[in-house]
Amino acid sequence: DIQMTQSPSSLSASVGDRVTITCRASQNIDTYLNWYQQKAGKAPKFLIHAASTLQRGVPSRFSGSGSGTDFTLTISSLEPEDFATYYCQQTTRLPLTFGGGTKVE
Amino acid sequence: EVQLLESGGGLVQPGGSLRLSCTASGVTFSNYAMNWVRQLPGKGLEWVSGISDTGDTTYYADSLRGRFIIARDNSKNTLFLQMNSLRAEDTAMYFCVQTRSGGVSDGFAVWGQGTMVAVSS
């Protein structure tokens, strides 16, 4: 199985901060990397596809980058509604695996 | 707007069975692969199973193969997960998820609200 490791597991930030979350795959996954946002008590929301493609309706302050084994999710200026847990996911090979999550608080 | 509505969760004794259902609306259901994802209490996300758009091909997490069965009825826009020989460690919120396309290994574009499964005596 491909292991996905996110760091940090949690971070403390303030509105207006630039936030960067990293995700590392245990092997090369090209750009088969997605990002999700989950707020407490809610289902995850699909943010980014193929490492860097924002889904429709996702604010442009979100961006993703990377390929191979190292990826980042960046929030350029944190808004109050961005406090949540973020997960990366690889889709290059089954089983599909998620990172452990990064809680932005 | 696409909506996925899960049902069938609840409290079951160890060794018991449950059948989860997920009904889709606002979408041509047969165009998309579907998956089940679970989230243990206070934990991260775990992919459980996936099924192709036609239902011909199914996939499972290795640890669950043999106990769980995924199926779909495209005529009723419904996805199923039959869970047998349930264990305490299967206690989780189960989400129904529609992928971006007909392929199981694609972005999880639409999520249901989840249905809770609790396995306890």
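Refer to the structure above for everything that follows.
This write-up is about the structure you can find in this document. (Residues numbered from 1 in each chain as written. Chains lettered and ligands numbered in written order. Predicted model: local features only at pLDDT ≥ 70, side-chain atom pairs only at ≥ 80, totals over all residues. Heavy atoms only, no water.)

### Some remarks on the pattern of salt bridges
Pairing between side chains of opposite charge can happen when the charged atoms of each approach one another. Residues and elements named next belong to chain B. Enumeration according to the criterion identifies eight salt bridges over all chains in this entry. One salt bridge connects Arg38 with Asp90, and the closest N-O pair in it is separated by 2.9 Å. Of the two residues, Arg38 is situated in strand S4 (residues 34-39) and Asp90 in the loop between strand S8 (78-83) and strand S9 (92-99); the sequence distance between them amounts to 52 residues. A single burial state applies to Arg38 and to Asp90, both of which are buried. Taken together, the shared-partner salt bridges connect Arg38, Glu46, Arg67 and Asp90 into one network. (Salt bridge = Lys/Arg side-chain N within 4 Å of Asp/Glu carboxyl O. Helix = DSSP H or I, 4+ residues; strand = E, 2+ residues; numbered from the N terminus. Buried < 20%, exposed > 50% of the residue type's maximum accessible area, 1.4 Å probe, protein only.)

### A short note on the environment of A:Glu79
Residues and elements named next belong to chain A. In this structure, Glu79 sits in the loop between strand S8 (70-75) and strand S9 (85-90). With relative accessibility at 30%, the residue Glu79 sits in the partly exposed group. C-alpha of Glu79 to C-alpha of Asp17: the two residues are 62 residues apart in sequence and 8.5 Å apart in space. Aside from chain neighbours lying at most four places away, what touches Glu79 is Val15 and Arg61. (Contact = heavy atoms within 4.5 Å.)

### Things to note about the state of the cysteines
Counting across every chain of the model gives two disulfides over all chains. A disulfide bridge connects A:Cys23 with A:Cys88, and the sulfur atoms are separated by 2.1 Å. In this structure the cystine formed by A:Cys23 and A:Cys88 twists about its S-S bond by roughly 70°; its chirality is therefore right-handed. Of this pair, A:Cys23 sits in strand S3 (residues 19-25) while A:Cys88 sits in strand S9, placing them 65 residues apart in sequence. Pair check on accessibility: A:Cys23 and A:Cys88 agree, each one buried. Put simply, B:Cys22 and B:Cys96 are joined by a disulfide, and their sulfur atoms are 2.0 Å apart. As the torsion about the S-S bond is roughly -70°, the B:Cys22-B:Cys96 disulfide counts as left-handed. Placement of the pair is B:Cys22 in strand S3 (residues 18-25) and B:Cys96 in strand S9, with a sequence separation of 74 residues. Residue class for B:Cys22 comes out buried when judged on its relative accessible area of 0%. (Disulfide = S-S within 2.5 Å.)

### Topic: the interface of chain A and chain B
Between chain A and chain B, the contact holds 17 residues from the first and 20 residues from the second. Both sides together, the interface formed by chain A and chain B hides about 1400 Å², and carbon and sulfur atoms give 67% of it. For chain A, the biggest contributors to the area lost against chain B are A:Leu94, A:Leu96 and A:Phe98; these three give 33% of the whole. Linking chain A with chain B are zero salt bridges. At the junction of chain A with chain B, the criterion picks out four residue pairs in polar contact (both at pLDDT 80 or more). Elements supplying a minimum of two residues to the side of chain A that touches chain B: strand S4 (33-38), strand S5 (45-49) and S9 of chain A. For the side of chain A that touches chain B, the element with the highest residue contribution is S4(A), accounting for three residues. Counted by class, the side of chain A that touches chain B contains nine nonpolar, six polar and two charged residues. (Buried area = accessible area lost by both parts, 1.4 Å probe. Polar contact = N/O pair within 3.5 Å; in protein donor to acceptor, adjacent residues only side chain to side chain. Nonpolar A, V, L, I, M, F, W, Y, C, P; charged D, E, K, R; others polar.)

### With respect to the packing of aromatic side chains
Residue and element names in this part refer to chain B. Summed over all chains, the structure comprises eight aromatic pairs over all chains. Judged by centre distance (5.7 Å) and plane angle (75°), the rings of Phe95 and Trp111 are edge-to-face. Note that Phe95 is positioned in strand S9 and Trp111 in strand S10 (residues 108-111), a separation of 16 residues in sequence. Taking the relative accessible area as the measure of exposure, Phe95 reaches 2% and is therefore buried. Looking at Arg19, its charged tip hangs above the ring of Phe80, at a distance of 3.9 Å from the centre. Sitting over the face of the ring of Phe29, Arg72 holds its NZ or CZ atom 4.3 Å from the ring centroid. (Phe/Tyr/Trp six-rings, centres within 6.5 Å; stacked < 30°, edge-to-face > 60°. Lys NZ or Arg CZ within 6 Å of the ring centre and 35° of its normal.)

### What to know about the side chain of A:Gln38
In this structure, A:Gln38 sits in strand S4. Polar side-chain contacts of A:Gln38 include one of 2.8 Å to the side chain of B:Gln39. Once residues lying within four places of it in the same chain are set aside, the contact partners of A:Gln38 are A:Ala43, A:Pro44, A:Ala84, A:Thr85, A:Tyr87, B:Gln39, B:Leu45 and B:Phe95.

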